[in-house]
Amino acid sequence: MVCFGWMHQTPALNSNSEIPLYRQLFEHIALQIRSGELTQGERLPATRELAGQLGLNRTTVSAAYELLETEGLISGQVGRGSFVTGLPPVLGTARELAAHAPASPGVNWPQLLERGDQGLSAQAGPVGRDVISFVMSRPSRELFPLDDFRASCEAVLARHDLADILQLGSPSGYEPLRRYLLDGARAQGLATAGDDLIVTNGCQQALDLIARTLLRTGDVVAVEDPVYPGLKSLLTGMGVRLAGIPVGADGIDLPQLERVLSRERPRLLVVTSNFQNPTGATLPLASRRALLQAARSAGVPVVENDAYGELRYEGEPLAAIKQLDDQSGTVLLRSFSKVSFPGLRVGWALGPKALIDRMRHAKESSDLHTDQLSQAVLLEFAESGRLAAHRACMLEAGATRLSATLEACREHLPPGARWTRPQGGMNVWVRLPEPLDAAQLVPRAQKEGVAYLPGRYFAVSRQDAGALRLSFAGLPPERIRHGLAILGRIFAGELEAASLNYEPAPAMV
């Protein structure tokens, strides 16, 4: 269907989709360029003109154009407009591949892969090393104690039982490490006589094993809203329905949780007790007890995801939900990834022996055996005292970086912006004043050398257009301040333009 002289097909834009309108428009124009329907040198309409034709806000069209220019598909020329650069067709997403798949018989891979086309990595987009990136929630590589790590590796490689370490390992994990973690859990009052422990490839695999053990398609799981995207992707990919519980300054909303437990009868409750991702919120002790009682009354098991608990920069640590549970209704997940070397992928799950046994069977059917070498190195790193020394360094650096983030938010974010003030972890949650849309401003920020994740990646049922996550742990303080100064200028400029009911023309038009 012909729509305009320059566009051969009317964009099918859906304002109710989770994908923002600017992204939908970008994908539509990008596909026409890559397919050759829009050829090199063709001029695109001015943003104001196209916004009028499509019934969109001009900033939506501007954001789509900026993303097209970032991808190298168009070139903006001041005073003349935006022109197609004429790049050769590059088929990227599964939808684009499906549109150009040959009409011959055989396996239709694009159609089979369509389900996975909305992964977080594709949504977040590429981030270059010169970009100030608040995207990834991970420790700084500059803080890795490489000499200590080498010493730990050398100690393991010199051991008399190295050949056994290099053999196939138990799916439960490297046994000396498993015993070390279980003994530590018992000493802290986390493990009861009926508990057991399994070493996993990080908390994400532990969540996957629990889901495959306990859940079936159509089950309901109660989760935080906003929530860690890895959990959302895992559960929705299994056909599980999510019941989102709002997260506030003091963690999950308990009255709403009680209503969901009563109304939805979820199969499982997953909660982050310390420094929740993405908000940074910590559940107070009284709320932990109340949550445990509510879940116990409903007969719903609790998965306590405590990946960030070791990164407390101020205040006193709180008892884990698992520590408060005397009736074996809680599974505790922890990891070395945030306090040591995330690339080694070592975490663990502590819970009732019957569940851990089933998780071990599920793990065995997935990866059969354990990478014992990395686990042996981490055990040596811990038992030598090097882990404790590194954690002290991580806490000092984390406190400095969190402080720099909060100070820069106060200094640079526009009036009306709000943000969380966590006592630890790696993330600060920001809400921009209305009518700013954090997702629509991503291309502009990336163009100026800063990247972040807007709130829609974390949303379950509550869309918060102005929300975004700042992951600060991987950046030195001066980069944090510089990045937030850029973001503050962008946000303040957009807010001023909106208050004047005036949409500034982008440089490319």
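Our subject is the structure that appears above.
Along each chain, residues carry numbers from 1 onward, in the same order as the chain's sequence is written. Confidence filtering applies because this is a predicted model: local features only for residues at pLDDT of at least 70, side-chain atom pairs given and counted only at 80 or more, and all residues used for totals across whole chains, interfaces and linings. Only hydrogens and water are set aside; all other atoms, that is, all heavy atoms of the structure, feed into the side-chain values.

Participant: What should I look at first to understand the pattern of salt bridges in this one?
Facilitator: Oppositely charged side chains can form a pair if their charged atoms are brought close together. The salt bridge definition used is simple: a Lys or Arg side-chain nitrogen within 4 Å of an Asp or Glu carboxyl oxygen. Counting across every chain of the model gives 25 salt bridges. Close ionic contact of Asp 357 with Arg 360 constitutes a salt bridge, the shortest N to O distance being 3.0 Å. Pair noted here: Asp 357 and Arg 360 are both in helix α15 (residues 353-367), with a separation of 3 residues, about one helical turn. Residues Lys 363 and Asp 367 are paired through a salt bridge, measuring 3.4 Å at the closest nitrogen-oxygen approach. The helix and strand labels rest on DSSP assignments: H or I over at least four residues marks a helix, E over at least two residues marks a strand, and numbering proceeds from the N terminus.

Participant: Explanation requested: the sheet that holds strand β11 (residues 330-335) in the structure shown.
Facilitator: The strands that make up a sheet are held in pairs by hydrogen bonds between backbone atoms, and each pair lies either parallel or antiparallel. Only strands that DSSP links by at least two bridges are regarded as paired with each other. Pairing is mixed in the open sheet, where 8 strands are placed in the order β5-β12-β11-β10-β9-β6-β7-β8. Whereas interior strands pair on both sides, the edge strands pair on one side only; in this sheet they are β5 (195-200) and β8 (251-252). With 3 bridges joining them, strand β9 (residues 268-271) and strand β10 (residues 302-305) adopt parallel strand pairing. Within β10, the position partnered with Val 270 by the bridge is Val 303.

Participant: Before we go on, may I ask you to explain the sheet that holds strand β13 (residues 418-419) in this structure?
Facilitator: The antiparallel open sheet is built from 4 strands, whose spatial order is β13-β14-β17-β16. In this open sheet, the two edge strands, each paired with only one partner strand, are β13 and β16 (453-454). Both strand β14 (residues 427-431) and strand β17 (residues 467-471) contribute to a ladder of 5 bridges, which runs antiparallel. Pairing of Trp 429 across the sheet is with Arg 469, part of β17.

Participant: I keep staring at the nonpolar core and nothing clicks. Help me out?
Facilitator: Within soluble globular proteins, side chains that are nonpolar generally end up buried alongside one another. In terms of nonpolar packing, the biggest core is built from 89 residues, with Phe 134, Tyr 452 and Phe 491 touching the most fellow members. Ranked by the residues each element gives to this core, the list is headed by helix α19 (residues 477-499), at 7 residues. The contact partners of Tyr 452, leaving out residues within four places of it in the chain, are Phe 134, Val 135, Ala 438, Leu 441, Val 442, Ala 445, Leu 468, Arg 469, Leu 487 and Phe 491. Formed by 26 residues, the second largest nonpolar core is a distinct cluster that contains Val 156, Leu 332, Phe 341 and Val 346. Only buried Ala, Val, Leu, Ile, Met, Phe, Trp, Tyr and Cys residues count toward a nonpolar core, and they belong to the same one when joined by side-chain atoms within 4.5 Å. In this scheme, a residue with accessible area under 20% of its type's maximum is buried, one over 50% is exposed, and one in between is partly exposed, where area comes from a 1.4 Å probe on protein chains only. We call two residues in contact whenever any of their non-hydrogen atoms come within 4.5 Å of each other.

Participant: Mind showing me how you'd approach helix α7 (residues 146-157) here?
Facilitator: For an α-helix, 3.6 residues make a turn, and residues three or four places apart therefore share a direction. Along its 12 residues, α7 runs 16 Å from first to last C-alpha, staying within 8% of the 16 Å computed at 1.5 Å per residue. Of all the residues in α7, the buried ones are Ser 152, Cys 153 and Val 156. For α7, the angular spread of the buried residues around the axis is 100°, confining them to a single face. Residues Asp 147 and Glu 154 are exposed on α7 and point more than 90 degrees away from its buried face. In this structure, the buried residues of α7 make contact with α8 (162-165), α16 (372-383) and α17 (386-412). A helix is expected to reach a length of 1.5 Å times the quantity of its residues less one. This arc is built from the directions going out from the helix axis to the C-beta atoms.

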